[in-house]
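Secondary and tertiary structure notes
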Amino acid sequence: MRRVYDDERLAGAYERGNEMPEGSLRAWVALIASYVQQLSPSIVEIGSGTGIFSAAMARWIEGSEVVAVDASEAMLAEARQHHSHPAVRYLSGEAEAVPAAAGAFDLALMSRVIHHIPDRARAARELARVLRVGGTAIIRTTFRERLDAVVYDYWPQLRVIDERRFPGEEEVVADLVSVGFTLEEVTSFAQPVAASLAEYHARLISRPQSKFTHLTDVEFHRGLVRLETAARSAALDEPLPVLERYDVAVFSRS
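Described below are features of the structure shown in this document. All figures in this text were calculated on a predicted structure; none of them were measured in a lab.

Scanning the chain from terminus to terminus reveals 9 helices and 7 strands. Relative to the compact-globule value of 18 Å for 254 residues, the chain shows a C-alpha radius of gyration of 18 Å, a close match. Expressed as a percentage of contacts within the chain between residues at least 6 apart in sequence, the contacts between residues at least 24 apart total 76%. Looking at the chain, you have 28 positive and 36 negative side-chain charges, and the mean spots of the two groups are 3 Å apart.

Written out as structure tokens, the structure reads:
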């Protein structure tokens with residue numbers, strides 16, 4: 001069955017439309033690194049997409065080696081083209097079947113992917129398998145009960161759609177605890193993703209997120225007009241950065 005991220009157009013749009021200011025990306029990597037106790041950690045990113053986070057971790061977590069796993073060949077092609085790094089290997093694989101040996105990694109990251117996984121219970125078992133005892137799993141997402149993305153201000157119907165798509169905090173915690181993880185922390189972290197609404201509007205024109213595939217062309221363009229109007233109004237004042245907040249759930253492998 002063809003998945004939405006197998007679409008080469010979407011993969012290219014995702015790469016261009018989900019860029020992050022370097023300062024914000026560094027802040028995210030610093031947060032991730034703060035949960036790693038080992039020097040020169042071995043890291044796996046499951047659902048690595050176009051490799052933005054995998055390459056950033058290789059750059060800024062000293063001595064790290066990163067295996068980036070994604071089920072979409074289109075996404076992997078974008079990753080290899082735009083985010084190659086000598087300490088990153090991009091591999092084809094799924095969250096339910098990670099191409100790695102048992103106990104291979106100190107850290108596993110799943111960023112903005114948990115809602116795409118068909119079998120979360122099986123994926124949790126794979127996380128437990130590939131992490132060494134004492135390793136760390138980080139889930140970066142927005143839990144159903146705290147959906148607050150900026151896009152909902154302009155496409156309110158997306159919130160209703162995402163309430164069906166995204167799991168709640170208790171569900172995700174239960175999945176991982178049931179296979180031997182211990183919940184260490186659930187926190188919230190926000191960073192700028194665009195310098196202004198105008199920049200944010202320019203990025204979203206290409207429909208760079210899978211959620212937009214759930215809208216008709218008419219619905220999408222109506223929201224884009226609302227965003228453009230807001231961006232023009234904001235331009236009359238001093239531009240404010242657009243923030244995106246995510247929930248971060250941190251687990252240790254018992």
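For the rest of this paragraph, the subject is the nonpolar core. Judged by nonpolar contacts, the single largest core of 29 residues is most densely connected at Trp28, Ile32, Phe53, Met57, Tyr90 and Ile138. Contributions of two or more residues to this core are made by helix H2 (22-33), helix H3 (52-60), strand S2 (65-70), helix H4 (73-82), strand S3 (88-92), strand S4 (105-111) and strand S7 (242-253). Ranked by residue count, the leading element in this core is H3, at 6 residues. If we ignore the near neighbours within four places in the chain, the residues touching Met57 are Val29, Ile32, Ile43, Glu45, Ser64, Val66 and Leu109. Membership of the second largest hydrophobic core comes to 27 residues, among which are Ala95, Ala123, Val130 and Ala137.

Across the sheet, which stays open at both edges, the 7 strands sit in the order S3-S2-S1-S4-S5-S7-S6 with mixed pairing between neighbours. The sheet terminates laterally at S3 and strand S6 (181-194), the two strands that pair on one side only. Averaged over all pairs of adjacent strands, the angle between strand axes in this sheet comes to 20 degrees, irrespective of strand direction. With 12 bridges connecting them, S6 and S7 associate as antiparallel partners. Note that in S7 the partner of Pro192 across the bridge is Leu243.

So, on to helix H6 (residues 157-165). Inspection of H6 places Leu158, Ile161, Asp162 and Arg165 among the buried residues, and these make up the whole buried set. Within H6, the buried residues cover an arc of 95 degrees as seen down the axis, which keeps them to one side.

The subject of this paragraph is the side chain of Asp247. Secondary-structure assignment places Asp247 in strand S7. Since its relative accessible area comes to 1%, Asp247 is described here as buried. In contact with Asp247, other than residues within four places in its own chain, are Ile139, Arg140, Thr141, Thr142, Phe143, Arg146 and Thr187.

What follows deals with the pattern of salt bridges. Taken as a whole, this structure holds 15 salt bridges when the rule is applied. Between Arg203 and Glu199 there is a salt bridge; the shortest N-O distance is 3.1 Å. With Arg203 and Glu199 both in helix H8 (residues 197-204) and 4 residues apart, this pair spans about one turn of that helix. The network of salt bridges with shared partners includes Arg146, Asp148, Glu169, Arg245 and Asp247.

In this structure, Val113 sits in the loop between S4 and helix H5 (120-130). Linking Val113 and Gly47, residues 66 residues apart in sequence, is a C-alpha distance of 6.0 Å. Not counting the four nearest positions on each side in its chain, Val113 is found in contact with Ile46 and Gly47.

Glancing now at H3. Of all 9 residues making up H3, 7 are buried, and the element is well covered by its neighbours. If you check which residues of H3 are buried, you get Ile52, Phe53, Ser54, Ala55, Ala56, Met57 and Ala58.

Under the definition given, this model contains 7 aromatic pairs. With centroids separated by 6.4 Å and ring planes inclined at 65 degrees, the aromatic side chains of Trp28 and Phe53 adopt a geometry described as edge-to-face. In this pair, Trp28 sits in helix H2 while Phe53 sits in helix H3, placing the two residues 25 residues apart along the sequence. Classification of Trp28 as buried rests on a relative accessible area of 3%. Aromatic pair Trp155 and Phe212: ring centres 5.0 Å apart, planes at 65 degrees, arrangement edge-to-face. Taken together, the residues span a long stretch of sequence, with Trp155 in the loop between strand S5 (131-141) and H6 and Phe212 in the loop between H8 and helix H9 (217-234) at a distance of 57 residues. Across the pair, exposure class does not vary: Trp155 and Phe212 are buried alike.

Reading guide: rules and limits
- Residue numbers run consecutively from 1 along every chain, following the written order of its sequence.
- Local features in a predicted model are, by the rule used here, given only for residues with pLDDT of at least 70; side-chain atom pairs are given and counted only at 80 or more, and totals for whole chains, interfaces and linings are based on all residues.
- Side-chain measures here rest on the full set of heavy atoms in the structure, leaving out hydrogens and waters.
- Put simply, DSSP marks the helices as runs of H or I at least four residues long and the strands as runs of E at least two long, and each gets a number from the N terminus on.
- A radius of gyration in this sense is built from C-alpha atoms; the matching globule rule multiplies 2.2 Å by the number of residues raised to 0.38.
- Residue contacts are defined here by distance: any two heavy atoms, one from each residue, within 4.5 Å place the two residues in contact.
- Only four residue types enter the tally: Lys and Arg on the positive side, Asp and Glu on the negative side, with His and both chain ends excluded.
- Every charge is mapped to an atom, namely NZ of Lys, CZ of Arg, CG of Asp or CD of Glu.
- In this description, a nonpolar core means a group of buried Ala, Val, Leu, Ile, Met, Phe, Trp, Tyr and Cys residues linked to one another through side-chain atoms lying within 4.5 Å.
- Exposed residues in this analysis have more than 50% of their type's maximum accessible area, buried residues have under 20%, and partly exposed residues fall in between, with area computed by a 1.4 Å probe over protein chains only.
- Two strands make a pair as long as DSSP finds a minimum of two bridges between them.
- Throughout, an axis means a line fitted to C-alpha atoms (over the contacting stretch in the case of helices), and angles, computed between N-to-C directions, take values from 0 to 180 degrees.
- Directions from the helix axis toward the C-beta atoms define the arc.
- Any Lys or Arg side-chain nitrogen located within 4 Å of an Asp or Glu carboxyl oxygen qualifies as a salt bridge.
- Two aromatic rings, drawn from Phe, Tyr or Trp (for Trp, its six-membered ring), form a pair once their centres lie within 6.5 Å of each other, and the interplanar angle then sorts them: stacked below 30 degrees, edge-to-face above 60, tilted otherwise.

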